[in-house]
Structures are given as structure tokens and as C-alpha cells.
Amino acid sequence: MVTRKRFRWMGVFSILAAIGAVVADLILQYDPQGNYSLTTPAPVTIAFWRVFVGSLLGVFCIPLTLTGYWVVCAVLRETAPRLFRMLFWVMAYSLVLGTVLHSTFLAVILLEQAAHDATGAAQVSLLHLQNTLLVFRLPLAVFFGISYLIMWSIVVVTVLRTTTPYPKWIVLFVPALLSLVIAGVGRSHAVPVLGNVLYPAVLSLPHLVFFLLSTMVLWRRPASEREVIHPHPAADRAV
């Protein structure tokens, strides 16, 4: 039986994990000049402590954001138990790949710095190695991106078309949509200062916003701590 108290505290835990992921992204990638690209994820002159701390903090925090996905899938599984049980495990696998993807930033940045300081054949060799690593990252990014968009698209449709504990307006804050908005702001350079801050956290910040709103919504629902969201036996199985 899943009590509302457990939903609430899992929500709080997901918020803390998302905060850690946001901090990790900003430490690792923030550039006041906004020189972001697929081959240049961080300033060439970034301090080593930022590379090390940002990478390590992200590796520890990103997997823990799965608690937020657990809450979402558990809340919505009454509408389609098998679908949201499957989506949970797909996103769990995707977050593992996302963590691996985040960890490769360290190697990409260090190779970029080494190539910047090298000359001749050594520089060519380092740049080739960096390109090889970027190619390795591509399938991970594609799989995560597809899973990310599918997951939140299904959440939007479910919330809009059925009755759930979530209000309809929450679909305006689903992470996939906010990620697209942040990417648009960052790439357009319409508001450079804002875009430079938001763009490094294009994935982590939307999760923080949604998990915060989700927890607030579930926390404020009038119910005793012993009340379960899915009282019927078919829905009591863990996601």
C-alpha cells in the first residue's frame, strides 16, 4: 500500500536530487559568454575543480531523480497500470544512460583542454580522440531524448484526457516542454544573460520545477496520511 505520506517524502527527495543535478550542471558547464556547443560543453579555461565536482555531483544526483519519476508513474498508474509501470522502467534505464552521458563530460572537457595546449600531431591525435568520444555519446543521447519526449508526452495526454490527482495546468510545466523552452531561449540569444544561466541546466532545471510543483500538489491534497492513492488491489503492486 502506497500512502500519501510516502508520496510526499519521495517528492521531497526528488526535489533535493534535482537541486543537486542543477548545481552539478552549472558548476560543470556554465559559461558567462554562452559559448555552448556539442563539441564545447564548457569553457576551455574551466578550472579542474569545476570539472571534477560537477561530474561527480551529477553522477551521484542524476540517478536519484528517479524518485520523481516513481511518484509520477505511481500517481498516474491507475489510468493505465501496465503502461506506466513499463514507462517507469524505461525511464529508469534511460536515467542510467543519462548518468553515463553526464560522466563523459569530464573526458570531453579534459581532452579539449589538452588539445588546446598541444600542437602538431599531438593536437590532431587529441582532437580525433575527442571526436571518437562524441560519437560514442550520440546513441546514449538519442535514446535518452526519445524516451524523455515519449514519457512526458504520454503524461500530458493522460492528465488532459483523464481524471488524475494532478490539475490540468501542470502540463504546462512538464520537463520536456520546459527543456524545449530553455533550449530555444539559449540558442536564440534573445536574452543572453538568462540563456547563459539556463542552458547548462536544460534537463535538470525542468525536472526541479516539475518535481517541486508535483510535490506541492500532492502535499496539499486533503487526506489523512494513511489514505492510499490506489486502494484497489490491482493497483497496489509497486511500480
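Residues numbered from 1 in each chain as written. Predicted model: local features only at pLDDT ≥ 70, side-chain atom pairs only at ≥ 80, totals over all residues. Heavy atoms only, no water.

1. Side note on the overall build of the protein chain
Okay, step 1: Secondary structure assignment for the protein chain yields eight helices and zero strands.
Okay, step 2: When the helices and strands of the protein chain are read in sequence order from the N terminus, they spell out α-α-α-α-α-α-α-α.
Okay, step 3: Burial statistics for the protein chain: of 239 residues in total, 47% are counted as buried.
Okay, step 4: Summarising the internal contacts of the protein chain: among those between residues at least 6 apart in sequence, 79% fall at separations of at least 24.
Okay, step 5: Within the structure as shown, the protein chain displays about 12,200 Å² of accessible surface, and the carbon and sulfur contribution to it stands at 73%. (Helix = DSSP H or I, 4+ residues; strand = E, 2+ residues; numbered from the N terminus. Buried < 20%, exposed > 50% of the residue type's maximum accessible area, 1.4 Å probe, protein only. Contact = heavy atoms within 4.5 Å. Areas by Shrake-Rupley, 256 points an atom, 1.4 Å probe, with all protein chains shown as cover.)

2. Examining the packing of aromatic side chains
Okay, step 1: Inspection of every chain in the model, using the stated rule, returns 11 aromatic pairs.
Okay, step 2: In this structure an aromatic cluster arises from ring pairing among Tyr-69, Trp-152, Tyr-166, Phe-210 and Phe-211.
Okay, step 3: Here the guanidinium or amino end of Arg-137 rests over the ring plane of Phe-105, the centre of that ring lying 4.6 Å away. (Phe/Tyr/Trp six-rings, centres within 6.5 Å; stacked < 30°, edge-to-face > 60°. Lys NZ or Arg CZ within 6 Å of the ring centre and 35° of its normal.)

3. A word on the environment of Val-12
Okay, step 1: Topologically, Val-12 is positioned in helix H1 (residues 4–29).
Okay, step 2: On the basis of relative accessible area, Val-12 is assigned to the partly exposed category, the value being 24%.
Okay, step 3: Each C-alpha atom, one on Val-12 and one on Thr-67, is 9.2 Å from the other, the two residues being 55 residues apart in sequence.
Okay, step 4: Those residues in contact with Val-12 that sit more than four places away from it in its chain are Thr-215 and Trp-219.

4. Digging into the layout of surface pockets
Okay, step 1: Considered as a void within the structure, the largest pocket measures approximately 1,200 Å³ in volume.
Okay, step 2: Residue lining of the largest pocket: 36 residues in total, with Leu-101, Phe-105, Ala-141, Val-202 and Leu-203 positioned closest to the centre.
Okay, step 3: Sorting the residues of the lining of the largest pocket by element identifies H1, helix H4 (81–117), helix H5 (120–161), helix H6 (175–188) and helix H8 (204–220) as the ones contributing at least two each.
Okay, step 4: Ranked by residues supplied to the lining of the largest pocket, first place goes to H5 with nine residues.
Okay, step 5: By residue class, the composition of the lining of the largest pocket is 23 nonpolar, 10 polar and three charged. (1 Å grid on protein atoms, 1.4 Å probe; cavity = no way out; pocket = protein on both sides within 12 Å on 5 of 7 lines; lining within 4 Å. Points joined across faces, edges and corners; volume = space filled by probe spheres on them. Nonpolar A, V, L, I, M, F, W, Y, C, P; charged D, E, K, R; others polar.)

5. Considering empty space enclosed by the protein
Okay, step 1: Evaluation of the coordinates by the stated rule reveals one cavity of 30 Å³ or more.
Okay, step 2: By volume, the largest cavity amounts to about 40 Å³.
Okay, step 3: In terms of lining, the largest cavity is formed by Gly-11, Ser-14, Gly-68, Val-71, Val-72, Phe-211, Ser-214 and Thr-215.
Okay, step 4: Of all the secondary-structure elements, those providing two or more residues to the lining of the largest cavity are H1, helix H3 (66–76) and H8.

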